[in-house]
Amino acid sequence: MSLRWRVRGLSDEKHGAWERFSFGEPFHLAVSGPLGPAGLTASARDLLTVGLSIFSIERSLPGYSGTNRASDFEVELDLEEPRQWTKQATNALAELLAFQGDARWHWNFKKANRSVSVKSTATTGDKRIIDRVVLFSGGLDSTCGISTLQADTNRVQLVSHYSKQKSAQLAIAQALGYEPPTQARIVRRGLASRGRSYLYRSFYFLCLGAAVASSYKASKMTQFENGLLAAAIPPAPAYFM
């Protein structure tokens, strides 16, 4: 499986050179912790692959110095079930990304021989009946949020992305009476870059939450966020979201 992409708008009106990431040991999403009886279906893995790709493309953009803002992305991505991404679904994806990052995204999905973009060997089966999944970073906003749901801990599953806060997420969840969260981290060996923004990372978080929700057949997903602090309000100069 592979991801190819190129971008226009950083330095001139032409697209830059094609960049390529190969999924596997150096580049994948590692998922651990509980999953519902359905597990991660092929459609769920594909959704995670799309979210992982967008997040990683953004992180690989050069810094602001000497460049303009990206205006167009062309992406070729291998998926297990590319036919699930109908024209209507792909248009909806492009519309959402245009809202988040003010750029046009053009997608070409191809059939993958096998999935190596999402690794879930560290997950465990969970037979609980879960009504809601909650995105949980371990920060102040999400911790305050899950504290308001303590009466329903047995029907809520926490979903977390982590880099260095894995232990903190586990400790906070346990202290508030929750089962261990389903946790994910992005492995990008040799692809390290600070990127220039986090305009699209919330899309990846929502993909992660939706994939876990589908494993439980849960119909509700919650994200606790203090909007006034999460992004500046237009027309403030710092507005970016």
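Below is a summary of the structure that appears in this document.

1. Quick word on the pattern of salt bridges
Evaluated as defined, the whole model comprises nine salt bridges. Two residues, Asp126 and Arg128, come together in a salt bridge whose shortest N-O distance is 2.8 Å. Taking relative accessible area as the criterion, Arg128 reaches 22% and is therefore assigned partly exposed. Taking the shortest distance from any N to any O, the salt bridge between Asp131 and Arg155 comes out at 2.4 Å. In this pair, Asp131 is assigned in the loop between β6 (118-125) and β7 (132-135) and Arg155 in the loop between α3 (140-147) and β8 (156-161), connecting sequence segments 24 residues apart.

2. A short note on the nonpolar core
Judged by nonpolar contacts, the single largest core of 52 residues is most densely connected at Val50, Phe73, Trp105 and Trp107. The greatest single-element share of this core, amounting to eight residues, is contributed by helix α5 (residues 201-216). What Val50 contacts, discounting residues up to four positions off in sequence, is Leu77, Leu79, Trp85, Leu93, Trp107, Phe109 and Phe203. Among the nonpolar cores identified, the runner-up in size contains nine residues, and Phe136, Val156, Leu158 and Ala173 belong to it.

Rules used in this analysis
- Residues numbered from 1 in each chain as written.
- Predicted model: local features only at pLDDT ≥ 70, side-chain atom pairs only at ≥ 80, totals over all residues.
- Heavy atoms only, no water.
- Salt bridge = Lys/Arg side-chain N within 4 Å of Asp/Glu carboxyl O.
- Buried < 20%, exposed > 50% of the residue type's maximum accessible area, 1.4 Å probe, protein only.
- Helix = DSSP H or I, 4+ residues; strand = E, 2+ residues; numbered from the N terminus.
- Core = buried A, V, L, I, M, F, W, Y, C linked by side-chain atoms within 4.5 Å.
- Contact = heavy atoms within 4.5 Å.

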